[in-house]
Amino acid sequence: MITAHSESEVRIDWRLPNYTRSILAENHKALFRRWKIARSTELFDPRVLSRWFPGQRGLLDLLAVLSEEEVLRVADTKAPLFTMTLHDGLRPAASAARVQPGEFEAANRQEAFMALSVRLDAIRTSTEQACVQFDMSASDANFLGRMGPHDLWDVAANPTAVLIPAASDQFFSVAAAREMTAAQRTLYMGVSKRSKDSVH
């Protein structure tokens, strides 16, 4: 369960299992990052948004009109709302060389590092459960499972290491608008996932 008096005072129930807290934290951080960007008065280049937030125009448009309370409600879901595509190009040495300066680049590297860390922690707890929870193949889990913290930080510098919504746009709309428990949102998320072919 996530509780908050404000976005900066978020608390996640420490009695929850470790992997559940990690998912809730990722959902919260990823959604609030996008909420702040969507509500910004600055005009961002659409090419920049499509690069760092691929396939998320609908989500950003929705977040722009949601209240902080509504975003918090959506984030309070015990299933990952975002996924990450792992591929052979995400090699630590090759990725580290692609570090780029800039606010978006730095923020994305931090987000990607945390997401990779969550998935690695889940793999080390239970590979089978991690594969189901995060839609990873056994080869993805094996690839990520060989990495250490410094490897993850290097991989996170790769501009293709981005979080993309695992949930459909309909899930975000319904979860924000309806009064549901975290358990109900989690069950709804299970039937509202995007197909892997449509996440990009």
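Here, every reference points to the structure presented above.
Below you will find a few notes about this structure. (Residues numbered from 1 in each chain as written. Predicted model: local features only at pLDDT ≥ 70, side-chain atom pairs only at ≥ 80, totals over all residues. Heavy atoms only, no water.)

A closer look at the overall build of the protein chain
Then comes step 1: Of regular secondary structure, the protein chain possesses 11 helices and four strands.
Then comes step 2: Within the span of the protein chain, comprising 200 residues, buried residues form 47% of the whole.
Then comes step 3: Split by element, the accessible area of the protein chain, about 10400 Å² in all, is 55% carbon and sulfur. (Helix = DSSP H or I, 4+ residues; strand = E, 2+ residues; numbered from the N terminus. Buried < 20%, exposed > 50% of the residue type's maximum accessible area, 1.4 Å probe, protein only. Areas by Shrake-Rupley, 256 points an atom, 1.4 Å probe, with all protein chains shown as cover.)

Quick notes on the layout of surface pockets
Then comes step 1: The calculated volume of the largest pocket comes to roughly 380 Å³.
Then comes step 2: Elements that contribute at least two residues to the lining of the largest pocket include exactly α1 (18-38) and α6 (103-125).
Then comes step 3: Here the element with the most residues in the lining of the largest pocket is α1; it accounts for nine residues.
Then comes step 4: For the lining of the largest pocket, a count of residues per class yields seven nonpolar, four polar and six charged. (1 Å grid on protein atoms, 1.4 Å probe; cavity = no way out; pocket = protein on both sides within 12 Å on 5 of 7 lines; lining within 4 Å. Points joined across faces, edges and corners; volume = space filled by probe spheres on them. Nonpolar A, V, L, I, M, F, W, Y, C, P; charged D, E, K, R; others polar.)

Digging into empty space enclosed by the protein
Where empty space is left becomes clear once a probe the size of a water molecule has been rolled over the atoms.
Then comes step 1: Tallying each qualifying case throughout the model produces two cavities of 30 Å³ or more.
Then comes step 2: The calculated volume of the largest cavity comes to roughly 50 Å³.
Then comes step 3: Every residue along the wall of the largest cavity is listed here: Tyr-19, Ala-122, Thr-125, Ser-126, Gln-129, Ala-130, Gln-133 and Phe-134.
Then comes step 4: Secondary-structure elements contributing two or more residues to the lining of the largest cavity are α6 and α7 (127-133).
Then comes step 5: A total of three residues in the lining of the largest cavity trace back to one element, the largest contributor, which is α7.
Then comes step 6: Considering only enclosed or pocket space, the second largest cavity measures out at about 40 Å³ in volume.
Then comes step 7: What lines the second largest cavity is Pro-80, Phe-82, Thr-83, Gln-133, Phe-134, Asp-135, Ala-166 and Lys-193.

Points about the nonpolar core
Then comes step 1: Membership of the largest hydrophobic core comes to 49 residues, with the highest contact counts inside it found for Leu-31, Leu-81, Leu-144, Phe-171 and Phe-172.
Then comes step 2: Considering each element in turn, this core owes the most residues, seven residues, to α6.
Then comes step 3: Beyond its immediate stretch of four places on either side in the chain, Phe-172 contacts Leu-31, Leu-59, Leu-62, Val-74, Leu-81, Pro-165 and Ala-167.
Then comes step 4: Core analysis: the next-biggest nonpolar cluster, separate from the first, contains eight residues, Ile-37, Leu-49, Leu-60 and Val-162 among them. (Core = buried A, V, L, I, M, F, W, Y, C linked by side-chain atoms within 4.5 Å. Contact = heavy atoms within 4.5 Å.)

What about the pattern of salt bridges?
Note on pairing: side chains with opposite charge can pair once their charged atoms come close.
Then comes step 1: Scanning all chains against the criterion turns up eight salt bridges.
Then comes step 2: Notably, a salt bridge pairs Arg-185 with Asp-76, separated by 3.7 Å at the nearest N-O pair. Here the residue Arg-185 occupies a position in helix α11 (residues 182-190), and Asp-76 occupies one in the loop between α4 (68-75) and β3 (82-83), the gap between them amounting to 109 residues.
Then comes step 3: Among the charged side chains, a network of salt bridges with common partners joins Arg-33, Arg-34 and Glu-111. (Salt bridge = Lys/Arg side-chain N within 4 Å of Asp/Glu carboxyl O.)

Brief notes about helix α8 (residues 138-145)
Then comes step 1: What α8 keeps buried is the set Asp-140, Ala-141, Phe-143 and Leu-144. Each buried residue of α8 lies within a common arc of 160° when the element is viewed along its axis, so the set occupies one face. Relative to its buried face, α8 has exposed residues pointing more than 90 degrees away, namely Ala-138 and Ser-139.
Then comes step 2: In this fold, the buried residues of α8 make contact with α6, α7 and α9 (149-155). (Arc of directions from axis to C-beta.)

Describing the environment of Ala-141
Then comes step 1: Its location among the elements puts Ala-141 in helix α8.
Then comes step 2: Taking C-alpha positions, Ala-141 is 6.9 Å from Cys-131, a pair spaced 10 residues apart along the chain.
Then comes step 3: Sequence-distant contacts of Ala-141, that is, excluding residues within four places in its chain, are made with Ile-123, Thr-127 and Cys-131.

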